[in-house]
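Below, each chain spelled out in residue letters.
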Amino acid sequence: MKLLLVDDDATLTAALRRGLTAEGFTVEVAADGPDGVWRGREGGYDLILLDIMLPGANGFRVCAELRRAGVRTPILMLTAKDGDLDEAEALDTGADDYLRKPFSFPVLVARIHALLRRAALGDPAPLQVGNLRVDVRARRAMHGDAEVALTAREFQLLTFLVRRSGRVVSKRDILAGVWEDGYEGDPNVVEVYVARLRRKLGASPAIETLRGIGYRLGP
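Basis of the calculations
- Residues numbered from 1 in each chain as written.
- Predicted model: local features only at pLDDT ≥ 70, side-chain atom pairs only at ≥ 80, totals over all residues.
- Heavy atoms only, no water.
- Phe/Tyr/Trp six-rings, centres within 6.5 Å; stacked < 30°, edge-to-face > 60°.
- Lys NZ or Arg CZ within 6 Å of the ring centre and 35° of its normal.
- Axes fitted to C-alpha atoms, helices over the stretch in contact; angles between N-to-C directions.
- Helix = DSSP H or I, 4+ residues; strand = E, 2+ residues; numbered from the N terminus.
- Parallel < 35°, antiparallel > 145°, perpendicular 65-115°, else oblique.
- Left-handed = near helix turned anticlockwise from the far one by under 90°.
- Contact = heavy atoms within 4.5 Å.
- Nonpolar A, V, L, I, M, F, W, Y, C, P; charged D, E, K, R; others polar.
- Pairing = 2+ DSSP bridges.
- Salt bridge = Lys/Arg side-chain N within 4 Å of Asp/Glu carboxyl O.
- Buried < 20%, exposed > 50% of the residue type's maximum accessible area, 1.4 Å probe, protein only.

### Things to note about the packing of aromatic side chains
Two numbers describe a pair of aromatic rings. These are the distance of the centres and the angle of the planes.
No. 1: All told, the structure shown has zero aromatic pairs when counted by the stated rule.
No. 2: Across the ring face of F160, the terminal group of R164 is positioned such that the distance to the ring centre comes to 3.8 Å.
No. 3: It is R196 that lies over the ring of Y193; its NZ or CZ is 4.5 Å from the centre.

### Looking at the packing of helix α2 (residues 33-42) against helix α3 (residues 59-68)
No. 1: Put simply, α2 and α3 touch, their axes get as near as 9 Å, and they point 25 degrees apart. Judged on the interaxial angle alone, α3 and α2 are roughly parallel. The two elements α2 and α3 meet at a crossing, and its hand is right-handed. The segment α2 lies against α3, with G33, G36, V37, G40 and R41 engaging V62, E65 and L66.
No. 2: Within the contact of α2 with α3, the residues separate by chemical class into three nonpolar, three polar and two charged.

### Let's talk about the sheet that holds strand β11 (residues 206-210)
No. 1: The strand order β10-β12-β11 describes an open sheet built from three strands, whose pairing is antiparallel. On the outer flanks of this sheet lie β10 (168-169) and β11, each paired with one strand and no other.
No. 2: Sheet topology note: the β11/strand β12 (residues 214-218) ladder contains five bridges and is antiparallel. From the neighbouring strand, E208 faces β12, where its bridge partner is R216.
No. 3: Relative to the sheet, helix α8 (residues 189-201) contacts β11 and β12, its axis offset from that of β11 by approximately 145 degrees.

### With respect to the pattern of salt bridges
No. 1: Applying the stated criterion across every chain yields a total of 13 salt bridges.
No. 2: A salt bridge links R111 to D97; the shortest N-O distance between them is 3.3 Å. Taken together, the residues R111 in helix α5 (residues 105-121) and D97 in strand β5 (residues 97-100) connect sequence positions 14 residues apart.
No. 3: For R111, a relative accessible area of 27% puts it in the partly exposed group.
No. 4: What makes D97 buried here is its relative accessible area of 18%.
No. 5: In this structure, R196 engages E154 in a salt bridge whose closest nitrogen and oxygen atoms are separated by 3.9 Å. Here R196 is found in helix α8, whereas its partner E154 is found in helix α6 (residues 152-163), with 42 residues between them in sequence.

By themselves these figures say nothing about function.
As structure tokens, this is what we get:
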């Protein structure tokens, strides 16, 4: 599971990242509101942890912008602010849950798991491009009537491309969205996995290469 943590408190984010990584999550960090909006729209996360007090744009605005953009990722708001009005505003702008600082780390993890379970039960209909159908909840890809055997990473990459079908995505976008933030391995790993998907999917839907720009999945 891939989480986005949007918070400008470097000490807190470092501690949470270590703890959540130990719990088996991949955690990426945005330190201000605009970066949180950009990553939330492009990163393909399973859940967003969002602080309210942020530079650039507060958490209420970030949450509202993500929901207006059609992002359905569960959002758990974190804040040092107190009061029912703040909680009500968080929920009204589209947050799924609200947790006040300081909080217990086990409680945070329990809230995350609860939101992920709720999201799994309410996943949207399978994604489809041409004769390719991807069921994110069931972790299955169907090409026509045949199931496509994919590794976990291949499935992540395919889902990332299908969710952005018709749009050009750069290698950097793919590394940030499918691998972890700050990936330091060989960036050509993207080309390797795209080639694997092409072999397994055939000519339709096509994964088009735009040299020097990125890739685009289309019917």
